[in-house]
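Structural description and commentary
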Amino acid sequence: MFDKLQAVEDRYNDLNELLSDPDVVSDIDKLREYSKEHSDLQETVNVYREYKKAKEQYETTKPMLEESLDDEMRELVKMEIDELETAIQEMEERLTVLLIPKDPNDDKNVIMEIRGAAGGDEAALFAADLHRMYSRYAEAHNWRVETIEASPTELGGYKEIIFMITGQGAYSRFKYENGAHRVQRIPETESGGRVHTSTATVACLPEAEDVDIEIRNEDLKIDTYRSSGAGGQHVNTTDSAVRITHLPTGIVVSMQDEKSQIKNREKAMKVLKARVYDAAQQEAQAEYAEQRKSAVGTGDRSERIRTYNYPQNRVTDHRINLTIQKLDQIIEGKLDELLDALMIEEQTANLESLNSHA
């Protein structure tokens with residue numbers, strides 16, 4: 001581990017020099033690449049340097065116990081040694097976690113797609129509740145939420161809603177939400193007072209940047225058509241709606257949310273890039289997933305990951321067998337306790353995998 005840490009610090013020092021090199025400063029792409037790498041390594045290097053200082057202090061202090069000291073001084077030295085041992089152990093544990101390979105998508109924005117599944121109107125209402133929950137969580141972290149496309153129902157639910165959350169590290173938190181979410185409650189549409197079970201599916205896609213994936217114009221089929229549904233005078237008068245098909249994968253994205261064809265095309269391309277990038281990642285991970293099931297699930301969008309039980313104010317995450325009796329708080333966007341537990345579980349699994357291959 002310490003060889004790896006020294007290599008990280010050496011690379012960090014190299015990057016410090018590169019970032020002051022005039023050739024790098026004048027090259028925007030290189031400057032961005034090196035700045036990001038520098039930022040990614042900074043926490044690990046800071047903790048490693050603190051660790052080395054504490055270790056050095058410990059090596060200097062420990063031999064003092066062999067010297068002739070009065071009782072008071074001996075007690076002080078023992079206390080300092082105990083404090084240093086605790087600090088060193090804590091930093092070793094933290095460094096072990098920091099060395100786990102980071103998901104390259106963690107810092108990205110996220111495109112989320114929520115769809116009402118089994119349960120009709122009640123499933124659509126639950127989809128709206130999930131959208132509100134995620135929006136509140138994002139706003140608490142000062143992340144921006146932008147609706148890309150929505151298909152609302154008359155009762156205030158969503159058959160489907162696609163939205164983007166923009167902010168540093170957004171994907172690192174929302175990536176655990178992929179899958180089928182189940183709700184158990186007495187629906188507003190139910191007069192008999194019986195508890196119903198409905199589901200909604202959530203897909204979380206990292207926003208694909210141009211450097212991540214190349215989509216060639218010749219691989220796209222773009223159709224324009226007239227919008228339908230509520231939307232004002234532009235509906236059925238201009239070909240503002242856009243449908244883009246990515247021919248190699250067959251992925252299709254339609255967009256009619258905006259009055260402008262150009263804006264609809266921009267939004268459609270953003271979603272298309274994210275879906276094509278996600279499809280490529282899913283394919284690449286399929287073989288690995290077969291070999292070892294992740295502690296936080298397979299990532300299969302059909303996998304039931306969580307149940308929200310309203311009568312018992314209970315949320316259960318089935319991937320890690322965690323039950324929290326705070327549904328009223330969680331549905332208001334207070335997701336940190338749940339997401340922290342999923343992150344720790346994933347880190348533990350990654351650490352075990354790392355050690356088994358060491």
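Cut-offs applied
- Residues numbered from 1 in each chain as written.
- Predicted model: local features only at pLDDT ≥ 70, side-chain atom pairs only at ≥ 80, totals over all residues.
- Heavy atoms only, no water.
- Axes fitted to C-alpha atoms, helices over the stretch in contact; angles between N-to-C directions.
- Helix = DSSP H or I, 4+ residues; strand = E, 2+ residues; numbered from the N terminus.
- Parallel < 35°, antiparallel > 145°, perpendicular 65-115°, else oblique.
- Left-handed = near helix turned anticlockwise from the far one by under 90°.
- Contact = heavy atoms within 4.5 Å.
- Nonpolar A, V, L, I, M, F, W, Y, C, P; charged D, E, K, R; others polar.
- Pairing = 2+ DSSP bridges.

Turning our eyes to something else, we now look at the packing of helix α1 (residues 2–18) against helix α3 (residues 28–61). Helices that pack against each other are described as a pair by the angle of their axes relative to one another and the distance between those axes. Here α1 crosses α3 at 130 degrees, and the two axes come no closer than 9 Å. With respect to α3, the element α1 is oriented oblique. For the pair α1 and α3, the sense of crossing is left-handed. Of the residues in α3, those touching α1 at Phe-2, Leu-5, Gln-6, Val-8, Glu-9, Arg-11, Tyr-12, Asn-13, Leu-15, Asn-16 and Leu-18 are Tyr-34, Glu-37, His-38, Leu-41, Gln-42, Thr-44, Val-45, Tyr-48, Arg-49, Tyr-51 and Lys-52. Its residues assigned to classes, the contact of α1 with α3 comprises eleven nonpolar, six polar and five charged.

As summarised here, the arrangement of the eight strands in space is β2-β3-β1-β5-β4-β9-β10-β11, forming an open sheet in which the pairing is mixed. Whereas interior strands pair on both sides, the edge strands pair on one side only; in this sheet they are β2 (144–152) and β11 (322–324). Strand after strand, the sheet turns through a mean of 15 degrees between neighbouring axes, direction not considered. Here five bridges tie strand β4 (residues 179–185) to strand β9 (residues 304–309), and the two strands are oriented parallel to one another. In the strand pairing of β9, Ala-180 is matched with Arg-304.

Turning our attention to the packing of α3 against helix α4 (residues 71–98). At a minimum axis separation of 9 Å, α3 and α4 run at an interaxial angle of 150 degrees. Looking at the two axes, α3 sits roughly antiparallel to α4. For the pair α3 and α4, the crossing hand works out as left-handed. Contacts between α3 and α4 involve Glu-43, Thr-44, Val-47, Tyr-48, Glu-50, Tyr-51, Ala-54, Lys-55, Gln-57, Tyr-58 and Thr-61 from the former and Val-77, Glu-80, Ile-81, Leu-84, Glu-85, Ile-88, Met-91, Glu-92, Arg-94, Leu-95 and Leu-98 from the latter.

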